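Results of the structural survey
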Amino acid sequence: MQRILAFSSSRTGNGGYLETAAPVINDFLNNPTATIAFIPFASADNDYEAYTSKVRAALLSTYNIITVTNDNATAVIEAADVVMVGGGNTFKLLHDLYATNALQLIKQRVNSGVPYIGWSAGSNITGATICTTNDMPIINPGSFDALGFFPFQINPHYYNITVAGFNGETRDQRLQEFLQLNPNVPIVALPEGTALLSQQGSLQLTGSVAAFVLTNKNREFLKTTIEPGHKLSYLL
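Described in the following lines is the structure provided in the data block. Since the model is a prediction, treat every value here as computed from it, not as a measurement.

In terms of nonpolar packing, the biggest core is built from 44 residues, with I39, I77, I106, Y116 and L196 touching the most fellow members. For this core, the secondary-structure elements that each account for two or more residues are β1 (4–7), β2 (35–39), α3 (73–79), β4 (82–85), α4 (90–99), α5 (102–111), β9 (202–207) and β10 (211–217). Looking at this core, the element that brings in the most residues is α5, giving five residues. Among residues more than four places away in sequence, those in contact with I77 are A37, I39, V68, V83, A102, L105, I106 and R109. If you look at the next biggest cluster of nonpolar residues, it comprises 24 residues, including L5, F28, L29 and M84.

See below:
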C-alpha cells in the first residue's frame, strides 16, 4: 500500500526551489486540498516556520501544509493526508524523529497508504539506514536505523568526480566502503534531477538524468546505469 516519492534534491541545476519537483508532487498526490504534515527537522537552525513557508511558496498550491514541531508531531502526523519531509542534515532529522517518537508513527501511516514525499535527507531516511548520507554527523541520533521503506540504501545528490591534485575519496570510493562491510545491501545513487516513485508494488526511476545502482558481487563492485522510467522493482 506504500506510496513514496523520494527526490534526490529540492533543486535541479540552476532551477528554483522545488521548481521541477512541484508538478511531479501535484501529479503524485492528485489532491489539491490535501493536508500535508511537513517535517522540517533536518534544518539545523530550527527555524521551522520559515522552512515551511518556503515550501508553501514553492508549491504554489491549495494544500494545507502544517509545520510539524517537537510539541505537535504526533497529532499533526496522525491527522495528515500526506507526510512530507524536507532536506537538510540527515543526522539531525533522524535524531529529532526518534526524540519525538515520530519515526514509528510515520512508518505506520505510510504502511497504511498515506503518501510520503521527501527530498535529500527526507529521501535518505526511506532506506534501511542513513549510512550512505553525505552529511556531517552534527548530532548523535542514537541509531542509524531509518524508516526502512526500501531494503536498499539511498545516496542523494550523487556525483562522482575525480579532482586533479585532490587526495580525498571520491563518492564512489566512499560508497564502496559501505559495500565492503555490507555486501548484500545495494545502494541507489540519485543524481540531482532524479527521484524514486514507489506505488502499487512497483518502483521506478523518474527525472531527467540517469541514476546508478551500486552493488558488491563476490567482492567485485558493480555500477549499473539506470535510465529514467526504468523499473527497479527487483530491488524491493
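After presenting the structure, the write-up continues.
Once that is clear, we can look at the pattern of salt bridges. Within the structure shown, the criterion is met by three salt bridges. Residues D96 and K92 are paired through a salt bridge, measuring 2.7 Å at the closest nitrogen-oxygen approach. With D96 and K92 both in helix α4, this residue pair falls four residues apart, about one helical turn. K92 sits in the buried class, given a relative accessible area of 8%. Where D172 meets K223, a salt bridge forms, and the shortest distance between an N and an O atom there is 3.0 Å.

Let us look at the environment of T126. Tracing the chain through its elements places T126 in the loop between α6 (121–124) and β6 (153–155). Placed 59 residues apart in sequence, T126 and V185 show a C-alpha to C-alpha distance of 14 Å. In this structure the side chain of T126 is engaged in a polar contact, spanning 2.6 Å, whose partner is the backbone oxygen of S123.

Let's shift gears to the sheet that holds strand β8 (residues 194–199). Spatially, seven strands are ordered β3-β2-β4-β5-β1-β8-β9 in an open sheet, and the strand pairing comes out mixed. Every interior strand has two partners, whereas the edge strands, β3 (64–67) and β9, have only one. Pairs of neighbouring strands in the sheet enclose a mean axial angle of 20 degrees, with direction left out of account. Note that β2 and β3 share four bridges and pair parallel. By the bridge assignment for β3, A37 is matched with I66. Against the sheet, helix α1 (residues 21–29) makes contact with β1, β2, β4, β5 (116–119) and β8, and its axis sits at roughly 175 degrees relative to β1, the strand it touches most. The sheet contacts of helix α2 (residues 48–59) involve β2, β3, β4 and β5, and relative to β3 the element is tilted by about 165 degrees.

Let us look at the packing of aromatic side chains. Enumeration over the complete set of coordinates arrives at eight aromatic pairs. Plain terms: the ring middles of F150 and F152 are 4.9 Å apart, the flat faces sit at 5 degrees to each other, and that makes the pair stacked. Just as F150 is buried, F152 falls in that class too. With a centroid separation of 5.5 Å and 55 degrees between ring planes, the pair formed by Y158 and F212 is classed as tilted. Here Y158 is found in the loop between β6 and α7 (171–181), whereas its partner F212 is found in strand β10, with 54 residues between them in sequence. A single burial state applies to Y158 and to F212, both of which are buried.

Parameters at a glance
- Sequence order as written defines residue numbering, which begins from 1 separately in each chain.
- Since the coordinates come from a predicted model, pLDDT governs what is reported: local features require at least 70, and pairs of side-chain atoms require 80 or more to be given and counted, while whole-chain, interface and lining totals use all residues.
- Heavy atoms from the whole structure form the basis of all side-chain values; hydrogens and water molecules are not counted.
- The term nonpolar core refers to a set of buried residues drawn from Ala, Val, Leu, Ile, Met, Phe, Trp, Tyr and Cys, joined through side-chain atoms within 4.5 Å.
- Categorising residues by exposure relies on relative accessible area from a 1.4 Å probe, with only protein chains included: less than 20% of the type maximum marks a residue as buried, more than 50% marks it as exposed, and the intermediate range marks it as partly exposed.
- In DSSP terms, a helix is any run of H or I states spanning at least four residues, a strand is any run of E spanning at least two, and both are numbered starting from the N terminus.
- Here a residue-residue contact requires only that any non-hydrogen atoms of the pair lie within 4.5 Å.
- In what follows, salt bridge is the name for a side-chain nitrogen of Lys or Arg lying within 4 Å of a carboxyl oxygen of Asp or Glu.
- Two N or O atoms count as a polar contact when they lie within 3.5 Å, although within protein this holds only if one can serve as hydrogen donor and the other as acceptor, and sequence-adjacent residues are included solely when both atoms are side-chain atoms.
- Paired strands, in this sense, are two strands between which DSSP finds at least two bridges.
- All axes are obtained by fitting lines to C-alpha atoms, using only the stretch in contact for helices, and the reported angles, taken between N-to-C directions, cover 0 to 180 degrees.
- Geometry of aromatic contacts follows a simple scheme: Phe, Tyr and Trp rings, the Trp one being its six-membered ring, pair when their centres are within 6.5 Å, and the pair is stacked under 30 degrees between planes, edge-to-face over 60, tilted otherwise.

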